[in-house]
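Structural characterization, general
Letter by letter, the chains look like this.
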Amino acid sequence: MIRRLTPIMAGLMAATLSPQAAAQTVGVNAAVLNDVNMTTQANPRRHRAVVKERVSLGNAIDTGRASRLQVMLLDRTIFSLGSNSRITVDRFIYDPNRRASAVGLSVARGTFRFMSSKALHANPGQSGISTPVATIGVRGTIVEGAIGPDAIRIAAREAGLGNYTADPETASLILLRGPGPAAERGETPGAIDVSAAGVTVPVEQPGYAVFIPGANQRPIGPFLLSARGSALLSTLLGTDSRRGRFDENDLLRRNPINDQFFENDRGSPNRQ
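Every chain's residues receive numbers from 1 upward, in the order its sequence appears when written. Since the coordinates come from a predicted model, pLDDT governs what is reported: local features require at least 70, and pairs of side-chain atoms require 80 or more to be given and counted, while whole-chain, interface and lining totals use all residues. Side-chain metrics rest on all non-hydrogen atoms present in the structure, leaving aside hydrogens and water.

**Side note on the overall build of the chain**
Segments assigned H or I by DSSP are reported as helices when at least four residues long, segments assigned E as strands when at least two residues long, and all are numbered from the N terminus. Helix and strand counts for the chain stand at 7 helices and 17 strands. Note on classification: 1.4 Å probe, protein chains only; a residue is buried when its accessible area is under 20% of the maximum for its type, exposed when over 50%, partly exposed between these limits. Classification of the 272 residues of the chain by burial places 53% in the buried group. Considering only contacts within the chain whose residues lie at least 6 apart along the sequence, 62% involve residues at least 24 apart. Contacts are assigned to residue pairs with any non-hydrogen atoms lying within 4.5 Å of each other.

In structure tokens:
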């Protein structure tokens, strides 16, 4: 049986960033497609994002219509955004000597994909993602999700979810893409805990999802997401899960980042 994740999400997501903490460089834009805007320490005004631009704690990142973004953090964790999405990196701890890390993200809307690194695997139960209505404890895995209209669109096609009233602003659908207990190629099995309205639902099998219709509503699931629902989420993210569940998506492969960024910052994740 997979051990339940530690209940650290409330403190993780509620932390207030000090000006000094907000200056911490945590990663770099690995791929930018079309209309992506962000703030940075170097340029605090909202501006068009570019490849290799540094990402810091507290930076607001938004994608527009038909737009996508991938960010690679210093520990090699990767997160991706689909169209009309907004995300902020709230927390990042990385010890390159121990090869251990922890990440906290807030996703306000849109679609996202989170692929944890080996360093994050070494610090189980200490990373998580928040949406407007849920928190997701992450332990060494790939998580995908949709917030708002896209979540409702996917859930509406799934059978057996019962009756619910969905909020088009905050409804959240979370999918454990993998790997699971049958992980291959030396991958560490992962799991997530999805918490909402005082209820925590563990998801331990890849392909299973949880749907939260809105604020103060209990999670529905876990349920096996249909092939159609899975494909729709992949389409919204610009990924193709048929090519390998755990591969980085095509957008990153077409726009490889300069590893020199990480060589320069190795052992010094706070470097500006």
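**Regarding the side chain of Thr-40**
With respect to the element layout, Thr-40 can be found in the loop between β2 (36-38) and β3 (47-48). Take Thr-40: its relative accessible area is 6%, and that puts it in the buried class. Among the polar contacts made by the side chain of Thr-40, one reaches the main-chain amide nitrogen of Asn-43 at a distance of 2.9 Å. Apart from the residues lying within four places of it in its own chain, the contact partners of Thr-40 are His-47, Glu-53, Arg-54 and Asn-59. The definition of a polar contact used here is a pair of N or O atoms within 3.5 Å, where within protein one atom must be able to donate a hydrogen and the other to accept one, and adjacent residues in sequence count solely through side-chain atom pairs.

**Looking at the confidence of the model for the chain**
Known as pLDDT, the predictor's confidence for each residue is given on a scale from 0 to 100. Put simply, the chain has an average pLDDT of 75, and 68% of its residues get 70 or more. Here helix α1 (residues 9-14) stands out as the least confident element of the chain, with mean pLDDT 33; strand β16 (residues 208-212) is the most confident, with 96. Below pLDDT 50 for its whole length, residues 1-22 participates in 47 contacts with residues either more than four positions away or in separate chains. Counting interchain partners and residues more than four positions distant, the pLDDT-below-50 stretch residues 180-186 has 10 contacts.

**Observations concerning the nonpolar core**
If you look at the biggest cluster of nonpolar residues, it comprises 37 residues, and the most contacted ones within it are Ile-61, Phe-79, Leu-105, Phe-112, Ile-129, Ile-192 and Val-194. Ranked by residue count, the leading element in this core is strand β9 (residues 100-115), at 5 residues. If sequence neighbours within four positions are ignored, Val-194 has contacts with Ala-134, Thr-135, Ile-136, Ile-174, Val-199, Thr-200, Val-201, Val-203, Val-210, Ile-212 and Pro-219. Residues Ala-146, Ile-154, Leu-173 and Phe-211 belong to the second largest nonpolar core, which totals 17 residues. Working definition of a nonpolar core: buried Ala, Val, Leu, Ile, Met, Phe, Trp, Tyr and Cys residues. They are joined through side-chain atoms within 4.5 Å.

**Considering the environment of Gln-217**
As for its placement among the helices and strands, Gln-217 is situated in the loop between β16 and β17 (220-224). As a C-alpha pair, Gln-217 and Ala-171 span 46 residues in sequence and 9.6 Å in three-dimensional space. Aside from chain neighbours lying at most four places away, what touches Gln-217 is Thr-165, Ala-196, Ala-197 and Ile-212. Of note is the side chain of Gln-217, whose polar atom sits 2.9 Å from the backbone oxygen of Thr-165.

**Things to note about the pattern of salt bridges**
What counts as a salt bridge is simple: a side-chain nitrogen of Lys or Arg found within 4 Å of a carboxyl oxygen of Asp or Glu. Using the criterion set out here, one finds 6 salt bridges in the structure. For Asp-62, the salt bridge identified is with Arg-86, shortest N-O distance 2.5 Å. With Asp-62 in strand β5 (residues 60-63) and Arg-86 in strand β8 (residues 86-95), the pair connects residues that are 24 residues apart, well separated along the chain. The partner of Arg-177 in a salt bridge is Glu-144, with the nearest N and O atoms 2.6 Å apart. Residue Arg-177 is located in strand β13 (residues 172-178), and its partner Glu-144 is located in strand β12 (residues 142-147); the two are separated by 33 residues in the primary sequence. Residue classification places Arg-177 among the buried residues on the basis of a relative accessible area of 7%. Taken together, the salt bridges that share partners define one network made up of Arg-46, Asp-62, Arg-86 and Arg-109.

**Considerations on the packing of aromatic side chains**
Stacked, edge-to-face and tilted are the three classes for Phe, Tyr and Trp ring pairs, Trp counted by its six-membered ring, which pair at centre distances within 6.5 Å; planes under 30 degrees apart are stacked, over 60 edge-to-face, the rest tilted. The full count for this structure, using the stated rule, is 1 aromatic pair. Ring plane angle 65° and centroid distance 5.1 Å describe the contact between Tyr-164 and Phe-211, whose orientation is recorded as edge-to-face. Highlighted residues: Tyr-164 in the loop between α4 (149-155) and β13 and Phe-211 in strand β16, separated in sequence by 47 residues.

**Some remarks on unusual backbone geometry**
A cis amide bond, omega 5°, links Gly-221 with the succeeding residue Pro-222. Relative to the assigned elements, Pro-222 resides in strand β17. Residues other than glycine seldom take positive phi values, yet Asn-84 does so here, at roughly 50°. In this fold, Asn-84 is placed in the loop between β7 (78-81) and β8.

**Describing the pairing of β16**
Counting buried positions along β16 yields 4 of 5 residues, so the element is predominantly enclosed. As judged from the 4 bridges shared by β13 and β16, these two strands associate in the antiparallel manner. Each bridged residue has a counterpart across the sheet, and for Leu-175 the counterpart in β16 is Ala-209. By the convention used here, strands pair only if DSSP detects at least 2 bridges between them.

**Considering the environment of Ser-106**
When you line up the elements, Ser-106 lands in strand β9. Sequence separation between Ser-106 and Thr-88 is 18 residues; the distance between their C-alpha atoms is 5.2 Å. Within polar-contact distance, the side chain of Ser-106 engages the side chain of Ser-130 at 3.0 Å.

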